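# Architecture and fold: a report
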Amino acid sequence: MDKIKVLISNKQSQVKIPTGIRLLIRRCCHAVLVHENFSGSAEVSVSFVSNEEIKKLNAQYRNKDIETDVLSFPLGENGVYDKNEETGAYMLGDIVISMEKAMEQAGVYGHSLQREVAFLTVHSMFHLLGYDHEAGGLEAVQMREKEEIVLTKLGVPRGASYVMSDEN
């Protein structure tokens, strides 16, 4: 893998974005691509939204009128992605995270918001690369295993907390 550009935008005001979370997201995106031996440069967009906004998106794109934690909008199919002509990078897609839901789930699972956002980012990156768990079975098990391998390499395995001191 050459370079990854992660465009991060905060489109909500309900949850304060912790220091270091942007760097953590970039590290998560990079780690998934390294794990998957992705070749070439890549671009990913990550947006933080409210429960209200993710509920609208979930209804619009998945016909599910409920809040969810994360949505993935892959731009590629079968490992083929459009290229940004200006940068030469493959455009993988968009990740949309409900920060309210992430905060709620961090409390439910007993770990930090940073660990929850790391999990949601890694999970969504695998979706952008074509993995799916919706049907269950072996594919879902393989996706979970890959997620845990990447999170462990990042130092945020299941049950771990992760706090960074510098914003980037």
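Quick caveat: nothing in here was measured; it's all calculated off a predicted structure.

### Comments concerning the sheet that holds strand E4 (residues 90-98)
For sheets, the rule is that strands pair by backbone hydrogen bonds, running either parallel or antiparallel. Reading across from one edge, E1-E2-E4-E3 is the order of the 4 strands in this open sheet, with mixed pairing throughout. Looking at which strands have only one partner, the edges of the open sheet turn out to be strand E1 (4-10) and strand E3 (70-74). Across the sheet, the mean angle from the axis of one strand to that of its neighbour is 15°, orientation sign disregarded. Where strand E2 (residues 42-49) and E4 come together, 8 bridges link them in parallel fashion. In the strand pairing of E4, Val46 is matched with Ile95. Sitting on the sheet, helix H2 (residues 51-62) is in contact with E2, E3 and E4, with an inclination near 45° to E3. Against the sheet, helix H3 (residues 99-109) engages E2 and E4, with an angle of about 65° to E4.

### Description of unusual backbone geometry
The residue Asn63 is not glycine, and still its phi comes out positive at about 55°. Mapped onto the elements of the fold, Asn63 is located in the loop between H2 and E3. Of note in the backbone geometry, Asn78 takes a positive phi value of approximately 55° without being a glycine. Tracing the sequence through the fold places Asn78 in the loop between E3 and E4. Under the relative-accessibility criterion, Asn78 is labelled exposed at 74%.

### With respect to the state of the cysteines
Scanning the model with the defined rule gives 0 disulfides in all. A disulfide-free cysteine, Cys28 has its sulfur positioned 6.8 Å from the sulfur of Cys29, the nearest such atom. Look at Cys28 and you get buried, because its relative accessible area is 0%.

### Thoughts on the packing of helix H4 (residues 113-128) against helix H5 (residues 137-154)
For the pair H4 and H5, interaxial distance at closest approach is 10 Å and the crossing angle is 130°. By the angle between their directions, the pair H4 and H5 is classed as oblique. Where H4 crosses over H5, the handedness of that crossing is right-handed. Here Arg115, Ala118, Phe119, Val122, His123, Phe126 and His127 of H4 come into contact with H5, specifically with Met143, Arg144, Lys146, Glu147, Glu148, Val150, Leu151 and Leu154. Here the residues of the contact of H4 with H5 sort into 8 nonpolar, 2 polar and 5 charged.

### Here we look at the nonpolar core
Counting 39 residues, the largest nonpolar core has Ile25, Val46, Phe48, Leu92, Ile97 and Met125 as its most contacted members. Looking at this core, the elements that each hand over two or more residues are E1, helix H1 (21-35), E2, E4, H3, H4 and H5. Not counting residues up to four positions away in its chain, the partners in contact with Ile97 are Val46, Ser47, Phe48, Val49, Ile54, Asp69, Val70, Ala102, Val117, Leu120 and Thr121. Counting 5 residues, the second largest nonpolar core, distinct from the first, contains Val49, Leu57, Leu71 and Val96.

Thresholds applied
Residues numbered from 1 in each chain as written. Predicted model: local features only at pLDDT ≥ 70, side-chain atom pairs only at ≥ 80, totals over all residues. Heavy atoms only, no water. Pairing = 2+ DSSP bridges. Helix = DSSP H or I, 4+ residues; strand = E, 2+ residues; numbered from the N terminus. Axes fitted to C-alpha atoms, helices over the stretch in contact; angles between N-to-C directions. Contact = heavy atoms within 4.5 Å. Buried < 20%, exposed > 50% of the residue type's maximum accessible area, 1.4 Å probe, protein only. Disulfide = S-S within 2.5 Å. Parallel < 35°, antiparallel > 145°, perpendicular 65-115°, else oblique. Left-handed = near helix turned anticlockwise from the far one by under 90°. Nonpolar A, V, L, I, M, F, W, Y, C, P; charged D, E, K, R; others polar. Core = buried A, V, L, I, M, F, W, Y, C linked by side-chain atoms within 4.5 Å.

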